[in-house]
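Commentary on secondary and tertiary structure
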Amino acid sequence: MSTEQQVENQESGAPPQAELSEVEQLRVDLATAQKRVNDLAYALQAGERDREEFKQRQARERERMLDVEKGNIAVALLEAVDELELALKASDGSAFAQGVKLVRDSLLKRAESLGIERVELAGKPYDPNFAEATDMELTANEAEDGRVSLVLKNCYQLKGRVIRPGMVRAAKFVKPAQA
């Protein structure tokens, strides 16, 4: 720029060309810095969300593992309950049998306090998710087809998950022979 042009710019109030490009460069630098700050803030927020989600996943996994261990312990408890029920089936109503019944009821209450529920299977449609069919009974009644006719071992679940499937006898419909 010539000296005459500089004098004209100063008289007209326009900033010199060098100052203008420096201001524009500062604006570009400011916009770049603001974008970088925003990107870092978003990344920090995403990192915090990921950390919270990880903590929640870890807590859910810990809870699930505790439920699995409760289920493992409960299976041993339920085996004892089954043995007591077998003893009660062969009992004669004596005082000893009443004591066995009290012990069984106490163990069942303890299991219920842990969240263990008995699944009623008798008379309901057979479901392999809840029971193992160890025997089949033939029936002439079509309404009983596929239903549980006898429960040999009860099914138990903990928080909706079967911890011990039952053992049952299922009915199978067979059309009676015509004479």
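Everything discussed here concerns the structure shown above.
The model shown is predicted, which means the values in this text are computed figures rather than measured ones.

Describing the overall build of the chain
If you tally the helices and strands in the chain, you get three helices and six strands. For the chain, the succession of helices and strands along the chain, N to C, is α-α-α-β-β-β-β-β-β. Counting only residues that meet the buried cut, the chain has 18% of its 179 residues in that class. Sequence-distant contacts in the chain: of pairs separated by 6 or more residues, those separated by 24 or more amount to 63%. Accessible surface, the chain: about 13,400 Å² in total, of which carbon and sulfur atoms supply 55%.

Here we look at unusual backbone geometry
Here lysine 159, not a glycine, exhibits a phi torsion of approximately 50°, which is positive. Among the structural elements, lysine 159 can be located in the loop between β4 (155-158) and β5 (161-164). On the accessibility criterion, lysine 159 (55% relative accessible area) is exposed.

Concerning the sheet that holds strand β2 (residues 131-139)
An order of β2-β6-β3 is seen for the three strands of this open sheet, with the pairing classed as mixed. The open sheet has two free edges, formed respectively by β2 and β3 (148-153), since each of these has just one partner strand. Strand-to-strand, the axes of this sheet are offset by a mean angle of 25°, without reference to chain direction. Two strands pair when backbone bridges link them, and β3 and strand β6 (residues 166-173) are joined in this way by four bridges, in the antiparallel orientation. By the bridge assignment for β6, lysine 153 is matched with methionine 167.

Some remarks on the sheet that holds strand β1 (residues 116-119)
In a beta sheet, neighbouring strands are held together by backbone hydrogen bonds and run either parallel or antiparallel to one another. In space, the three strands of this open sheet follow the order β1-β4-β5, with antiparallel pairing throughout. The open sheet has two free edges, formed respectively by β1 and β5, since each of these has just one partner strand. Taking the axes of each pair of neighbouring strands and ignoring which way they run, one obtains an average angle of 40° across the sheet. As defined by bridge partners, β1 adjoins β4 across four bridges and the pair is classed as antiparallel. Across the sheet, the residue bridging to isoleucine 116 is leucine 158, located in β4.

A word on the side chain of threonine 139
With respect to the helices, strands and loops of the structure, threonine 139 is situated in strand β2. Side chain to side chain, threonine 139 and glutamate 144 meet in a polar contact 3.1 Å long. When near neighbours in sequence (up to four residues on either side) are disregarded, threonine 139 contacts Glu144, Ala171, Lys172, Phe173 and Val174.

Thoughts on a nonpolar patch on the surface
A grouping of Met136, Leu138 and Val174 is seen on the molecular surface, where their side chains present a nonpolar patch of about 310 Å² in accessible area. For valine 174, the location among the structural elements is in the segment after β6. Exposure remark for valine 174: the relative accessible area of 40% places this residue in the partly exposed category.

Quick word on the nonpolar core
Among the nonpolar cores identified, the biggest contains ten residues, and these are Ala74, Leu77, Leu78, Val81, Leu108, Ala111, Ile116, Tyr156, Leu158 and Ile163. Counting residues per element, this core draws most heavily on helix α2 (residues 17-89), which supplies four residues. Once you skip the residues sitting within four places of it in the chain, tyrosine 156 turns out to touch Leu78, Val81, Leu108, Ile116, Glu117, Arg118, Arg161, Val162, Ile163 and Arg164. Formed by six residues, the second largest nonpolar core is a distinct cluster that contains Ala131, Val148, Cys155 and Val168.

Parameters and conventions
- Residues numbered from 1 in each chain as written.
- Predicted model: local features only at pLDDT ≥ 70, side-chain atom pairs only at ≥ 80, totals over all residues.
- Heavy atoms only, no water.
- Helix = DSSP H or I, 4+ residues; strand = E, 2+ residues; numbered from the N terminus.
- Buried < 20%, exposed > 50% of the residue type's maximum accessible area, 1.4 Å probe, protein only.
- Contact = heavy atoms within 4.5 Å.
- Areas by Shrake-Rupley, 256 points an atom, 1.4 Å probe, with all protein chains shown as cover.
- Pairing = 2+ DSSP bridges.
- Axes fitted to C-alpha atoms, helices over the stretch in contact; angles between N-to-C directions.
- Polar contact = N/O pair within 3.5 Å; in protein donor to acceptor, adjacent residues only side chain to side chain.
- Patch = residues over 30% accessible without salt bridge, like charges linked within 9 Å, V, L, I, M, F, W, Y side chains within 5 Å.
- Salt bridge = Lys/Arg side-chain N within 4 Å of Asp/Glu carboxyl O.
- Core = buried A, V, L, I, M, F, W, Y, C linked by side-chain atoms within 4.5 Å.

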